[in-house]
Structures are given as C-alpha cells and as structure tokens.
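Given next are the chains, with one letter for each unit.
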Amino acid sequence: MKAVKLYKAGDLRVEDVPIPEPLNNEVLVRVKAVGVCGSDIPRILYIGAHKERITVGHEFAGEIVSVGKDIKDWRVGDRVVVPPLIPCYQCNSCLRGEYSLCSDYDYFGSRRDGAMAEYVTVPEANLLRLPENVSYEVGAMTDPAANAWHALWRSKLEPGEDMVVFGVGPIGMFALQAAKLEGARNVIAVDIVAGKLQTAKQLGVDHVINTAKTSVVETTMEILGKEPEVAIDFTGVPSVQAEAIATVGRHGRVVFLGISHKGLNLLEEQVDKILRYELTITGSWNSFSQPFPGREWIKSIELFAAGKLIAEPIITHRFCLDEAPEVFRRIKEGSIEHNKIMFLP
Ligand SMILES: [Zn+2]
Ligand SMILES: [Zn+2]
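Quick summary incoming for the structure in this document. (Residues numbered from 1 in each chain as written. Chains lettered and ligands numbered in written order. Predicted model: local features only at pLDDT ≥ 70, side-chain atom pairs only at ≥ 80, totals over all residues. Heavy atoms only, no water.)

Here we take up the environment of Asp-143. Along the chain, Asp-143 falls in helix 4 (residues 142-155). In this structure the C-alpha to C-alpha distance between Asp-143 and Val-56, which are 87 residues apart in sequence, comes to 15 Å. Setting aside residues up to four positions removed in sequence, Asp-143 forms contacts with His-58, Glu-59, Pro-84, Tyr-107 and Trp-297. (Helix = DSSP H or I, 4+ residues; strand = E, 2+ residues; numbered from the N terminus. Contact = heavy atoms within 4.5 Å.)

Laid out in structure tokens, this is it:
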C-alpha cells in the first residue's frame, strides 16, 4: 500500500509498504479521507515526530475491511471515524476520565503509524460509527470539531454571552458554530485573511473583524457596546493571546488553544486587568472526556448528521497521497492559501 512517511523534519516521502495486520482487538481500516491538522505542519516541516519514518496523519475516517479475532461489534463494511489518541487508561488523569491529559499515551501519526496511507490498524476502543448521511471527508473533520467543543466548554460560555473567536482556521470555524448552538448572543470572528472571514460569515458568525485593517478591542466595543465575556485564541500568536486578554470584560474568560511554542509578554495594563477584572485564563488541550473518546466526539458526529454543524466550506483543498511532499513544500513556501487540506487516499 501507499503510505506518506516522515523520515525526519522536512523529509516526507510516499512509499510502498506492506498492509499492516490488525491485532486481535483491532480492525483494519481503508482510509477514505485524512485531513492535515495545524499540528502536522510544524511536525512535518520543522520538528519531526517521536519516531523516525512514521506514517503521518491523524484526522481520518474510513471503512473497515477486516477485523481481529476478538472484535464482536464491528463488521467489514462499517463506516468509522477514529479519535487519534490512545490513552493508557491507567494514569491518574485517565482514571479521572481526563484523557487529554494522559501522561503515557499513544497517538496516530506522531507516535504510531497514522492515516496518510491506504490502510491503518485501529484498536476497537477508538472506533466511532460514521452515520450514512455524513461523508468520509466530513467524518475526518470530527477531530477539529471535537477540539472546538472542548475549548468552548473550557470557556464556560453561558447562553446570552458574547464571544470573540481569534483565528478562523478549522477549529475556530467549528467553535463559532458551536457557540451559536450553545446560545451565544454575538459571536465575532477575528482573522487577517479576508477569505476565511467570508467563510465564517457563511457559517453564521454575527460579525467579523479583519485585524489587518482595524483594532479588535475598539471594534468589538463598537459592535457590542460592551466588552465580551469570552475570548478564545486559536492562533497561538503571542500578540493575539495578549489581545484576547485585552478584549474581554469583567470576570471575562480567555481560553488559549492555539499552540505558540513561544513566550508571552503582557503590558502592565494587561496584567493589572487580569487582577482588577478577575479574569480567568484557561488552556484547552485536545478533545477528550469521559467515557472515551467523550461527548466532544459524540456531539460533533450527531450534529454533522443533523446538518447543524457545517464542515464542507472549511475544506479548501483535496489531494491524493502522491501529492503530499509537494503540498507540504507549497505550505512551507507560503504559496497555498488554505484552510482544511484533505487527502483522499
Ligand atoms: Zn489534529
Ligand atoms: Zn493515561
């Protein structure tokens, strides 16, 4: 079968490898769609994975083509979505049901072979049923959607509150829809790419702010006539993280989801504000809760099936596996303006 292998940072190759054999508690999945995650880009281009020559890719959906000896509830032909985390189920976090915080986990596409391949083996505990009326491509968007729900619930958004979404990549696009579904009054999307803001409008955001043109704090005040209760940063850009803090009002909640790999300098007035306004600044990591993989995943799939959570406009590109090295070369040189990139093996 074909597989996209990361030898080391910047060295991605498409290879012919043997089709893997499922263990007794695993199934073999024919991958139908696999998305490029924001985390894949630094992993593939600059940082590398935990193992050399790993098959990348962790946001995927496909069809079961064979099952291990101990599998009873799944059959050949079943359509599935696969959460990428394989928790240890034994550490303190796992015992509390906080699987995102597991201290000894396995992970598709970074620690074990992933889904940018024609086939991948999957443990039974990681199988979720993909409804007939949800396409494989949309199924492969469950991971970013589940991440959005996790961040939104971390924010403790209440119905009637206002929220600002900083950065409308795929997770931000789902977060703004999730906030509206949870009863947010006004949701404002902030980005520097006009095309993404256009898509955010199509997905039901109330207002957009293009920060290439205007300041978020002032424009938000003009739009709402008050400060928003919640701001979530999906960019991981330090200046934007600081802006999220500057934007919220008294008892405001700020969630950081975007990974920055950088320090953060705050102005004196921003630090003062954290105290005086009694702000809550919270991290959000991954997408899991109890029972594994959690309500983030179940809710996303149900809402896809009900047509209430919309994924298609977020997918901007579709490629075959052979094109992967070239696609990542174009991402590196910045010659591809993309939101979700999907590979169809
Ligand atoms: Zn991901
Ligand atoms: Zn664990």
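Running from amino to carboxyl end, helix 8 (residues 238-247) crosses helix 9 (residues 268-276) at an angle of 50°, the nearest separation of the two axes being 9 Å. The angle between helix 8 and helix 9 falls in the class oblique. The element helix 8 and its partner helix 9 pack so that their crossing is left-handed. Where helix 8 approaches helix 9, its residues Ala-242, Ile-245, Ala-246 and Thr-247 are matched on the opposing element by Gln-270, Lys-273 and Ile-274. By residue class, the composition of the contact of helix 8 with helix 9 is four nonpolar, two polar and one charged. (Axes fitted to C-alpha atoms, helices over the stretch in contact; angles between N-to-C directions. Parallel < 35°, antiparallel > 145°, perpendicular 65-115°, else oblique. Left-handed = near helix turned anticlockwise from the far one by under 90°. Nonpolar A, V, L, I, M, F, W, Y, C, P; charged D, E, K, R; others polar.)

Together, Leu-101, Ile-259 and Trp-285 make up a nonpolar patch on the protein surface, roughly 320 Å² of accessible area in all. Turning to its location among the elements, Leu-101 is positioned in the loop between helix 2 (92-95) and strand 8 (106-107). Among the residues examined, Leu-101 registers a relative accessible area of 48% and is labelled partly exposed. (Patch = residues over 30% accessible without salt bridge, like charges linked within 9 Å, V, L, I, M, F, W, Y side chains within 5 Å. Areas by Shrake-Rupley, 256 points an atom, 1.4 Å probe, with all protein chains shown as cover. Salt bridge = Lys/Arg side-chain N within 4 Å of Asp/Glu carboxyl O. Buried < 20%, exposed > 50% of the residue type's maximum accessible area, 1.4 Å probe, protein only.)

To continue, consider the sheet that holds strand 12 (residues 187-191). Across the sheet, six strands lie side by side as 13-12-11-14-15-16; this open sheet has parallel pairing. Bordering the open sheet on either side are strand 13 (207-210) and strand 16 (280-283), each of which pairs with just one other strand. Going from strand to strand, the sheet's axes swing by 15° on average, the running direction of each strand aside. One ladder, built from four bridges, connects strand 15 (residues 253-256) with strand 16; its direction is parallel. Opposite Val-255, over in strand 16, you have Thr-282 as the bridge partner. Relative to strand 11 (residues 163-166), helix 8 is tilted by about 170°, and along the sheet it contacts strand 11, strand 14 (230-233), strand 15 and strand 16. (Pairing = 2+ DSSP bridges.)

The coordination sphere of the zinc ion (ligand 2) contains the protein donors Cys-88 (SG), Cys-91 (SG), Cys-94 (SG) and Cys-102 (SG), at a distance range of 2.3 to 2.4 Å. The site at the zinc ion (ligand 2) holds four donor atoms, and with the angles between them running 104 to 117°, its shape is tetrahedral. Its relative accessible area of 18% is what places Cys-88 among the buried residues. (Donors = N, O, S within 2.8 Å, 3.2 Å for Na, K, Ca; no water. Tetrahedral: all angles 85-135°; square planar, octahedral: opposite > 155°, others 65-115°.)

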